[in-house]
Amino acid sequence: MQEITAQHFVERLARGAAQARDAGLDALLIAPGPDLAYFADYLPPVTERLTMLVIPSDGAPTTMVVPVLEHDSAAATRAAGSIRLVTWADGEDEHAPLVDQLWSGGRYGISDSAWAMHLLALQHALPDVRFEAFSAVLPMLRAVKDADEIDRLAAAGAAADATFEDILSVSFAGRAESEVAADLDRLLREHGHSHVDFTIVGSGPNGANPHHEAGNRIIEPGDMVVLDFGGLMDGYGSDTTRTVHVGEPTDEEHEVFEVVKRAQQAAFDAVAVGVPLQEIDRAARAVIAEAGYGKHFVHRVGHGIGTTTHEPPYLVEGEEQSVVAGMCFSLEPGIYLPGRFGVRIEDIVVATADGAQRLNNSSRELHIVS
Ligand code: ZN
Ligand code: ZN
Ligand code: ZN
């Protein structure tokens, strides 16, 4: 796999400036979090001290305001050669070096994750400046991935697939959901993940809650079990769901599973460059509605993934943004029967000129576990 180098950050910063220009913004203000990791290769401790990257849209140098005690870490990133550092020390006005760089009357995009206390201080110092959240003005800022990012998402996906293959041989019946969740956590790390974000194990009626956290329920023979797990590997995310059954499934369980599988395939087949994202949601939803389970598919069909496991683009009714080659997102329809069981199947895919390509390739059949 090609290394992500200083040159990648030169390109990302240039792309950020161009997107700011297209959106009519004077600069992007990037706060600690996934945006900063993406543009500056920098993941500082998230504290009350101000750190902010400023990417001007007019080609002026990119600057990062950092606490003086964090100067050396900020100077040691792969992006450091492209970023001028401005420091402030405890006891000084931390907002002053940032205010110096903003135009009165200007319009700035700011990370959703910027702390309110910093934004409010800036707004107070610059009452005629307009600040806009990235989610409102630049939701697709990091949505289109380059080849190196797609390689990393594919590697994270393969590690999640290997985790699923391994989990099929652990015992389910008689163990608590939380024990199977601990197995998933351990296996993701064994397969190369540095962080585990979630290990959902929804057995029997718990599977009918899409975001059920693994709990104390003891898994029983006859249970459907929804397994949804992922995290970060080499800075990029994985997120996959498979549903397994303890022992032989009933005809109804089989039928519901097959409907979800067909819906997931319909979403996959609907992915093409230029297609509005909401059409992909509709494609999956039509299959489930047709089978009579429409009101039991209670969430959007997918979300983007990159340096985080949930980010734009969102595949949801009302999203008219079209698919662009290089977008990476989940396809995860489900059916949830309250008090009984749930089924979800989720793969990460990348949009290409020839349609979608799956980054999860573990079997999508209904596996019987013991
Ligand atoms: Zn069953
Ligand atoms: Zn998931
Ligand atoms: Zn997901």
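Residue indices begin from 1 for each chain and proceed along its sequence in written order. Numbering of ligands from 1 and lettering of chains from A proceed in the order in which they are written. Given that the model is predicted, a residue must reach a pLDDT of at least 70 before its local features are reported, and side-chain atom pairs must reach 80 or more before they are shown or counted; all residues, however, enter totals for whole chains, interfaces and linings. In computing side-chain properties, one takes all heavy atoms of the structure into account and sets aside hydrogens as well as water.

**Quick notes on unusual backbone geometry**
- Residues Pro312 and Pro313 are joined by a peptide bond in cis, for which omega reads 5 degrees.
- Among the structural elements, Pro313 can be located in strand E12 (residues 311-315).
- In this structure, Asp41 is a non-glycine residue whose phi angle is positive, near 55 degrees.
- With respect to the helices and strands, Asp41 occurs in the loop between helix H2 (34-40) and strand E2 (52-56).
- Here Asp234, not a glycine, exhibits a phi torsion of approximately 50 degrees, which is positive.
- Here a strand is any run of E in DSSP of at least two residues, a helix any run of H or I of at least four, and the numbering for each starts at the N terminus. Structurally, the position occupied by Asp234 is in the loop between strand E8 (224-233) and strand E9 (236-237).

**Focus: the packing of helix H9 (residues 251-270) against helix H10 (residues 277-290)**
- For helices, the fitted axis covers only the stretch in contact; all axes are lines through C-alpha atoms, and the angles between them, taken along N-to-C directions, range from 0 to 180 degrees. One can describe the packing of H9 onto H10 by two numbers: an axis separation of 8 Å at closest approach and a directional angle of 155 degrees. Compared by their axis directions, H9 and H10 come out roughly antiparallel. Between H9 and H10 the crossing geometry is right-handed. For the pair formed by H9 and H10, the contact residues are Val259, Arg262, Ala263, Ala266, Ala267 and Ala270 on the first element and Glu279, Ile280, Ala283, Ala284, Val287 and Ile288 on the second.
- Note on residue classes: Ala, Val, Leu, Ile, Met, Phe, Trp, Tyr, Cys and Pro are nonpolar, Asp, Glu, Lys and Arg are charged, and everything else, Gly too, is polar. Within the contact of H9 with H10, the residues separate by chemical class into ten nonpolar, no polar and two charged. In this scheme, roughly parallel covers angles under 35 degrees and roughly antiparallel covers those over 145, while 65 to 115 is roughly perpendicular and the rest are oblique. By definition, any crossing whose near helix is turned counterclockwise from its far helix by less than a right angle is left-handed, and any crossing with a clockwise turn is right-handed. Whether two residues touch is decided by their heavy atoms; if any such pair falls within 4.5 Å, the residues are in contact.

**Some remarks on the coordination of the zinc ion (ligand 1)**
- Water is not among the atoms examined, so metal sites may look incomplete; donors are the N, O and S atoms within 2.8 Å of the metal, or within 3.2 Å for Na, K and Ca. All of the protein donors around the zinc ion (ligand 1) are Gly222 (O), His245 (NE2), Glu253 (OE) and Glu253 (OE); their distances to the metal are 2.0 to 2.5 Å.
- Any coordination sphere not matching a tetrahedral pattern (four donors, all angles between 85 and 135 degrees) or a square planar or octahedral pattern (four or six donors, opposite donors over 155 degrees apart, other angles between 65 and 115) is reported as irregular. Classification of the site at the zinc ion (ligand 1) rests on its four donor atoms, whose angles at the metal span 58 to 166 degrees, yielding the label irregular.
- In primary sequence terms, the donor set of the zinc ion (ligand 1) follows G-x22-H-x7-E. With Gly222 in the loop between strand E7 (195-203) and E8 and Glu253 in helix H9, this residue pair connects regions lying 31 residues apart in the sequence.
- On the basis of relative accessible area, Gly222 is assigned to the partly exposed category, the value being 36%.
- The buried label applies to any residue whose accessible area, calculated with a 1.4 Å probe on protein chains only, is under 20% of its type's maximum; exposed applies above 50%, and partly exposed to all values in between. For Glu253, a relative accessible area of 8% translates into the label buried.

**A few points about the sheet that holds strand E5 (residues 107-110)**
- For two strands to count as paired, DSSP must find a minimum of two bridges between them. The six strands are arranged E4-E3-E2-E1-E5-E6 in an open sheet whose pairing can be described as mixed. Both edges of this open sheet fall to strand E4 (83-88) and strand E6 (130-133), since each of them pairs with a single strand only. The mean inter-strand angle of the sheet, taken between neighbouring strand axes irrespective of direction, is 25 degrees.
- Sheet topology note: the E2/strand E3 (residues 62-67) ladder contains three bridges and is antiparallel. When the bridges of E3 are listed, Leu53 appears paired with Met64.

The values are spatial; any link to function lies outside them.
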